[in-house]
Amino acid sequence: VQLQASGGGLVRAGGSLRLSCNASAGTFTSYVLSWFRETPGRERVFVAGMSRDGASRQYADSVKGRFTIGRDRLKSAVYLQMNSLKPEDTAVYFCAAGRPVYSAYAQTDLYYYWGQGTQVTVSS
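Just so it is clear, the model here is predicted, and its values are computed rather than measured.

A. Looking closely at unusual backbone geometry. Of note in this structure, Ser84 is not a glycine but carries a positive phi near 50°. Mapped onto the elements of the fold, Ser84 is located in the loop between β8 (77–82) and β9 (91–98). With relative accessibility at 40%, the residue Ser84 sits in the partly exposed group.

Printed below as a string of structure tokens:
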């Protein structure tokens, strides 16, 4: 499985960005796909996750109502649409593939594959 994240950048508070994670063939139907983020000196934390069939989605409380995870079938990618961005959303964002149960989407050790990360910086 290969994951490649892109779409990060610099944006002002209140703005939007769309991250994309290109995945190798078969990834969507075989794995839960999630986004995590990491800031210097802190552990990687869960942002959003989507089940293999796309029917179940989960979000961290800090991003509910502002971020949306989805699937772009034409591009074989999972995206993270980020609206109403805040300075505290500044982080390196990673996509990941694994097989956690719904209640364990936030557990990083249950993910087998990780993309390389893309930097998101939100200025105030």
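Read on, since the account is not over.
B. Main features of the nonpolar core. Grouped together as the largest cluster of nonpolar side chains are 35 residues, with contacts concentrated most on Trp35, Leu80, Met82 and Tyr93. Within the residue set of this core, elements represented by two or more residues are β1 (3–6), β3 (17–23), β4 (32–38), β5 (45–50), β7 (67–72), β8, β9 and β11 (118–123). A total of five residues in this core trace back to one element, the largest contributor, which is β9.

C. Geometry of the state of the cysteines. Counted under the stated rule, the structure contains one disulfide. Paired through a disulfide, Cys21 and Cys95 show a sulfur-sulfur distance of 2.1 Å. Its torsion about the S-S bond being 65°, the disulfide of Cys21 and Cys95 is classed as right-handed. Pair noted here: Cys21 is in strand β3 and Cys95 is in strand β9, with a separation of 74 residues, a long-range link.

D. Molecular detail of the sheet that holds β1. Taken together, the four strands give an open sheet; going across it, the order is β1-β3-β8-β7, and neighbouring strands pair in antiparallel fashion. The sheet is open, and its two borders are formed by β1 and β7, each paired with just one other strand. Strand-to-strand, the axes of this sheet are offset by a mean angle of 15°, without reference to chain direction. Note: β1 against β3, four bridges, orientation antiparallel. Considered in β3, the bridge of Gln4 is made with Asn22.

Conventions we followed
Throughout this document, residue positions are counted from 1 along each chain, in the order its sequence is written. Restriction of local features to residues with pLDDT of at least 70 applies here, the model being predicted, together with a cutoff of 80 or more for giving and counting side-chain atom pairs; totals for whole chains, interfaces and linings are based on all residues. The side-chain figures draw on all heavy atoms in the structure; neither hydrogens nor water molecules are used. Each helix is a run of H or I in the DSSP string that is no shorter than four residues. Each strand is a run of E no shorter than two, and both are numbered from the N terminus. The classification of residues rests on relative accessible area computed with a 1.4 Å probe and restricted to protein chains. Under 20% of the type maximum is buried, over 50% is exposed, and intermediate values are partly exposed. Side-chain atoms within 4.5 Å link the members of a nonpolar core, which is a set of buried Ala, Val, Leu, Ile, Met, Phe, Trp, Tyr and Cys residues. Throughout, a disulfide means two cysteine sulfur atoms within 2.5 Å of one another. Here a strand pair is declared whenever DSSP counts at least two bridges between the two strands. Inter-axis angles, ranging from 0 to 180 degrees, are taken between N-to-C directions of lines fitted to C-alpha atoms, where helices are fitted over the stretch in contact.

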